[in-house]
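# A structural walkthrough
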Amino acid sequence: MVAYRSLALAALALALCAAPAAAAPKVKSPAPMPPSPPPSASPAVAAAAGEAAAEGKDDKLGAVIGIIIGAGVVGLAFSAFQLRLVSLIEVEPGKRAEGYTNMEDGSDTNSKLKLYEVYLAIQDGAKAFLMAEYILCAIFIVVFGAIVFVLTSNTPDGFDMMVGGCTALSFVVGAVTSIVSGYAGMMVAVYSNARTTIAAESPDEAGWTNSFNTAFRAGGAMGFSLTSLAMLMLAALIAVLTAILPGNLADEDFAKRLFECVAGYGLGGSCIAMFGRVGGGIYTKAADVGADLAGKVVAGIPEDDPRNPATIADNVGDNVGDVAGMGSDLFGSYAEATCAALIVAASSPEMVAAGWGALLFPVCVSAFGIVVCAAASFLATDAFPVKKEADVEHVLKVQLAVTALLMCGVTYPLAFFLLPAQFQIGVVMATPFAAWLCICSGLIGGCIVGFVTEYYTSHSYAPVREVAQSCETGAATNIIYGLALGYQSAVIPITIIAIVTFISFTFAGMYGVALGALGFLGTLATCLAIDVYGPVCDNAGGMAEMSELPASVRDKTDALDAAGNTTAAIGKGFAIGSAALVSLALFGGFITRIGSGAAGVNVLTPITFCMLFMGAMLPYWFTAMTMKSVGTAAMAMVKEVARQFAEIPGLLEGTPGHGPPDHAKCIKISTDASLKEMVPPGMLVILSPIIVGTLFGVDAVSGLLVGSLVSGVQLAISQSNTGGAWDNAKKYVEKGCVSILVNGVPVAQRKGSELHKAAVCGDTVGDPLKDTSGPAINIVMKLMAIISLVFADYFMSINEGRGLLNVAH
């Protein structure tokens, strides 16, 4: 292990040094930038630069290719290294790995066998669900891909099959990459859950360090593989489409045409993310709510008790929703933010004149992010190892903050190396310093949003403790306090998003907003590692309970899981915050495509103003559909568990030799419900902008997008934080930290008490808020915006953008 760690550290040090070195023009210093030409002269400037690029004189192209490929290789190699460290812990009974108890000490043979059986059952259940879901997604890709081809071929200049074909190809590549990203993340999570449980068996400090490192490295394996794959696939797609499309940068509209086709990549990723988030969210929360209600409230047993038939479905759901769904979601955010930046950059004559280095600057920012996150990842596992419960949240905060600060440092020389001295974005004249400032505002804003989210969802702070104490007077006051917390928790994040938007838009127009979104996602590999850590620990705790391992193991996994709820909330905060900026950047790309970049959109026109209200309503309609879907499936789950308790002799009582619970039936209920119920919400989001644009035109679409963005981001933050706070309030009660006065004497309340039952009710209500509707709303914002961007030319081809009803602008 020491050898692996030394090699990895050496490789990362070389890569981190090489990236800035590549960003320094050593071979040939570029000529000083001439004053920015007036708009009328810009095509000639762009043509001259394009001819130079076509002749191989783009002296920064080689550096850009080296940065992208080098960072991608480093990311994939580091992902494999992280997974290798996790694999040193053996799960199969009878095998031992050096440095871990491996279930041989402190546990009987029966517990070892149970853990292994549960481990295999969770793997099989997760694979079966994702296979069924992805079959439906494959059908969707074929059908909607054909629609993309037909509609995007309709341009204001006529039917262009080349544009439609390239956009459809980008859509398919993005969708397939999203599927691969989600599936890979899920496989890493189900591979690592039992290993985290085993690592927690080590005594004292070693148990804390080993179990935390295992879960965090599992998250890192997913994070680095996803970010590297997303970046490499996007770069490869740009290269392929550059070869397919006629012309080169010497042509005035080539870059614009190219990146408008590439936008299909973001559309494909976001569509799959929608189904992954909604389908996975319905699955996991139907099982979780059903297990909670049937176990804790109805039968009076723990949710992860081996007698509870819904436990396997619950643990499967943690992976398909919080891992596969989150992976696809953040992949979509990365793809859309990058596509928005590329499209806006292509509208700048100076950017096109500067060549591929300037145009691919957003991709290079992500490349540097991969290397920086890899170099900093050893902070949490080696430099500041977790040795007790209080260390967990502190270590994760340090990891996030240091990574963001390092990114601020390394992107400064990159901006000055690749970007022209001045470049026009709409009516704003931007500079490399302005671009760097936009990235930094996103990086710092993302950290602040993450830390504020932690404050409102961790039981280490007053807000969650107040919610826990409110359970003293019943579930009603718990619900009231939790809702109030969620609404209040949106104030600071929304203010931060507004400040980042103002700074970015002021200094670099819509290009700056896109760079701000990429700043939010600049530490994406670390954010994913922190986020995936949560469900892995949640699974580890459930598996310890189901396998009847010693209480010391469950104590560690419960503490890690409580921190995991907070980290999951932080991950959702990043996802929602970045989604708001991504949506705004995509809206800027849409405005650019319809030719309203300089003039903007007048919201006081009747159709635009009306559609503001319709757009603001959509997130609530979407929430209603997903919440009801979870409730319907959870009712079926509770009835099924009650039936099994009644019909299987001795199951509820735990009589020796009783028949086993029918886990497969509960898994089928969650699977069938999620696959059936994920379609209507998805179609609502996908079809809304297409129908509005077709009938009412581009001004109506503009109102729809702005309304959904302003409404959705606040609703998503409040829902996610409310659910996270209720969850950790329940865990705070279970730790015995909440007391009530009995005859003047404080008495600690634990599992089984009336106060605990009130906390469970809040947690159960919050489950679909934080894991289904809340995080899926950010995809609502992004998906509607990317659809509008991709189909902008189609909308403009109908009565010059006024729609079939020929609505006046």
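Starting from 1, residues in each chain are numbered consecutively following that chain's sequence as written. Whole-chain, interface and lining totals are the exception, using all residues; otherwise, since this is a predicted model, local features are given only for residues with pLDDT of at least 70 and side-chain atom pairs are given and counted only at 80 or more. Hydrogen atoms and water are omitted, and side-chain values are computed over all heavy atoms in the structure.

### Side note on the overall build of the protein chain
Across its full length, the protein chain carries 25 helices and six strands. The classification of residues rests on relative accessible area computed with a 1.4 Å probe and restricted to protein chains. Under 20% of the type maximum is buried, over 50% is exposed, and intermediate values are partly exposed. Counting all 809 residues of the protein chain, 62% fall into the buried class. Contacts: residue pairs with any heavy atoms within 4.5 Å of one another. By sequence separation, contacts in the protein chain at least 24 residues apart represent 83% of the contacts at least 6 residues apart. The Shrake-Rupley method, run with a 1.4 Å probe sphere, supplies the accessible areas, and residue values consider only the shown protein chains as cover. When the accessible surface of the protein chain is split by element, carbon and sulfur atoms take 67% of a total near 27000 Å². To qualify as a helix, a DSSP run of H or I must reach at least 4 residues; to qualify as a strand, a run of E must reach at least 2; elements of each kind are numbered from the N terminus.

### Observations concerning the packing of aromatic side chains
Paired rings are identified among Phe, Tyr and Trp, the last through its six-membered ring, by centres lying within 6.5 Å, and are further divided according to the angle between planes into stacked (under 30 degrees), edge-to-face (over 60) and tilted (the rest). Summed over the entire model, instances satisfying the criterion amount to 22 aromatic pairs. An aromatic cluster is defined as three or more aromatic residues linked by ring pairs; in this entry it consists of Phe140, Phe144, Phe171, Phe275 and Phe791. Working rule: Lys NZ or Arg CZ, within 6 Å of ring centre, within 35 degrees of ring normal, means a charge sits over the ring. The positively charged end of Lys60 is found above the aromatic ring belonging to Phe417, 5.4 Å away from the centroid. Stacked on the ring of Tyr191, the Lys or Arg Arg195 has its end atom at 3.8 Å from the ring centre.

### Observations regarding the side chain of Thr457
As for its placement among the helices and strands, Thr457 is situated in helix 14 (residues 432-457). Given a relative accessible area of 0%, Thr457 falls into the buried group.

### Here we look at the side chain of Asn539
Within the fold, Asn539 resides in helix 18 (residues 524-546). By relative accessible area, Asn539 is classed as buried at 0%. Polar contact criterion, stated in full: a pair of N or O atoms within 3.5 Å, where within protein one must be able to donate a hydrogen and the other to accept it, and residues adjacent in sequence count only if both atoms are side-chain atoms. Looking at Asn539, its side chain comes within polar contact range of the main-chain oxygen of Asn315, at 3.1 Å.

### Some points on empty space enclosed by the protein
Space inside and on the surface of the protein is sampled on a 1 Å grid over the protein atoms alone, with a cavity defined as a set of points where a 1.4 Å probe fits but cannot get out and a pocket as an open set with protein on both sides within 12 Å along at least 5 of 7 lines; lining residues have an atom within 4 Å of a point. Grid points are joined across faces, edges and corners, and a volume is the space filled by probe spheres set on the points. In the structure shown here, the tally under the stated rule is ten cavities of 30 Å³ or more. A volume near 80 Å³ is recorded for the largest cavity. What lines the largest cavity is Thr227, Tyr334, Ser366, Gly369, Ile370, Leu521, Gly522, Leu524 and Ala525. Broken down by secondary-structure element, the contributors of at least two residues to the lining of the largest cavity are helix 11 (361-376) and helix 18. Looking at the lining of the largest cavity element by element, the count peaks at three residues for helix 11.

### Things to note about the packing of helix 8 (residues 311-346) against helix 19 (residues 551-593)
Angular values range over 0 to 180 degrees, each being the angle between N-to-C directions of two axes fitted as lines to C-alpha atoms, with helices fitted over their stretch in contact. Packing of helix 8 against helix 19 brings their axes to within 9 Å, and their N-to-C directions diverge by 30°. With respect to each other, helix 8 and helix 19 are oriented roughly parallel. Here helix 8 and helix 19 pass one another in a crossing that is left-handed. Packed against helix 8, whose contacting residues are Met326, Asp329, Leu330, Ser333, Glu336, Ala337, Ala340, Ile343 and Val344, the element helix 19 presents Gly571, Lys572, Ala575, Ser578, Val582, Ala585, Leu586 and Gly589 at the interface. Amino acid classes used here: Ala, Val, Leu, Ile, Met, Phe, Trp, Tyr, Cys and Pro are nonpolar; Asp, Glu, Lys and Arg are charged; the rest, including Gly, are polar. Looking at side-chain class alone, the contact of helix 8 with helix 19 contains ten nonpolar, four polar and three charged residues. Any angle that is under 35 degrees is reported as roughly parallel, and any over 145 degrees as roughly antiparallel; angles of 65 to 115 degrees are reported as roughly perpendicular and all others as oblique. For any helix crossing, the convention is left-handed if the near helix is rotated counterclockwise from the far helix by under a right angle, and right-handed if that rotation is clockwise.

### Side note on the pattern of salt bridges
Salt bridges, as used here, are contacts in which a Lys or Arg side-chain nitrogen is within 4 Å of a carboxyl oxygen on Asp or Glu. Under the criterion given, the structure shown has 22 salt bridges. In this structure, Asp771 and Lys770 form a salt bridge, with 2.7 Å as the shortest nitrogen-oxygen distance. Residues Asp771 and Lys770 agree in their burial class; the two are buried.

### Focus on the nonpolar core
Ranked by internal contacts, the top residues of the largest apolar core, which has 232 residues, are Phe259 and Tyr511. Ignoring any residue separated from it by four or fewer positions in sequence, one finds Phe259 in contact with Ile238, Leu342, Ile343, Ala346, Trp356 and Leu359. Working definition of a nonpolar core: buried Ala, Val, Leu, Ile, Met, Phe, Trp, Tyr and Cys residues. They are joined through side-chain atoms within 4.5 Å.

### Overview of the packing of helix 8 against helix 21 (residues 663-677)
Following both chains from N to C, one finds helix 8 and helix 21 inclined at 45°, their axes separated by 7 Å at the closest point. Put simply, helix 8 runs oblique to helix 21. Counted together, Thr311, Ile312 and Ala313 of helix 8 and His663, Cys666 and Ile667 of helix 21 form the full contact between these two elements.

### Quick word on the pairing of strand 5 (residues 738-742)
Sheet topology note: the strand 5/strand 6 (residues 745-749) ladder contains five bridges and is antiparallel. Following the sheet pairing, Leu741 is matched in strand 6 by Pro746. At least two DSSP bridges between two strands are required for those strands to pair. Hairpin connection of strand 5 to strand 6: two residues between the antiparallel strands, including Asn743 at a positive phi of 55°.

### Concerning a nonpolar patch on the surface
Only residues whose relative accessible area exceeds 30% and that form no salt bridge are eligible for patches; like-charged ones are grouped when within 9 Å, while nonpolar side chains (Val, Leu, Ile, Met, Phe, Trp, Tyr) are grouped when within 5 Å. A contiguous nonpolar patch, built from Met131, Ile135, Leu136, Ile139, Val142, Val143 and Ile147 and spanning about 630 Å² of accessible area, is present on the exposed surface. Taking relative accessible area as the criterion, Ile135 reaches 48% and is therefore assigned partly exposed.

### A closer look at helix 18
Compared with an ideal rise of 1.5 Å per residue, which puts 23 residues at 33 Å, helix 18 spans 33 Å between its outermost C-alpha atoms and is within 8% of the ideal. Among the 23 residues in helix 18, 21 count as buried, and that is most of the element. Looking one or two residues past helix 18, Glu548 carries a phi angle of roughly 55°, positive in sign. Take the number of residues in a helix, subtract one, and multiply by 1.5 Å to get its expected span.

### Some words on the state of the cysteines
Here, the term disulfide refers to a pair of cysteine sulfur atoms separated by no more than 2.5 Å. In this structure the tally under the stated criterion is zero disulfides. We note that Cys373 lacks a disulfide partner, and the nearest cysteine sulfur, in Cys527, lies 7.4 Å from it. For Cys440, which is in no disulfide, the shortest distance to another cysteine sulfur is to Cys408 and amounts to 3.7 Å. The exposure class assigned to Cys440 is buried, which follows from its relative accessible area of 6%.

### Observations regarding the confidence of the model for the protein chain
The quantity known as pLDDT measures the predictor's confidence residue by residue, on a range of 0 to 100. Taken over all residues, the pLDDT of the protein chain has a mean of 84, while the share at 70 or more is 89%. With pLDDT under 50 throughout, residues 1-57 is counted as low confidence; its partners more than four residues away or in other chains account for 66 contacts. Predicted confidence is poor over residues 96-106, with pLDDT under 50, and the contacts of this stretch with residues over four places away or in other chains come to 34 contacts.

### So, the environment of Asp558
As for its placement among the helices and strands, Asp558 is situated in helix 19. On the basis of relative accessibility, which here comes to 24%, the residue Asp558 falls in the partly exposed class. Between the C-alpha atoms of Asp558 and Gly542, which are 16 residues apart in sequence, the distance is 8.9 Å.

### Observations regarding unusual backbone geometry
One non-glycine residue, Glu800, adopts positive backbone phi at about 55°. Within the element layout of this structure, Glu800 appears in the segment after helix 25 (792-796). Although it is not a glycine, Asn806 adopts a positive phi angle of roughly 55°. Structurally, the position occupied by Asn806 is in the segment after helix 25.

### Overview of the environment of Leu241
With respect to the element layout, Leu241 can be found in helix 6 (residues 204-244). On the basis of relative accessibility, which here comes to 0%, the residue Leu241 falls in the buried class. Setting aside chain neighbours within four positions, we find Leu241 in contact with Cys166, Leu169, Ser170, Leu258, Cys261 and Val262.

### Structural notes on the environment of Leu560
Relative to the elements of secondary structure, Leu560 occurs in helix 19. Its relative accessible area of 0% is what places Leu560 among the buried residues. Setting aside residues up to four positions removed in sequence, Leu560 forms contacts with Trp208, Ser211, Phe212, Val392, Tyr533 and Cys537.

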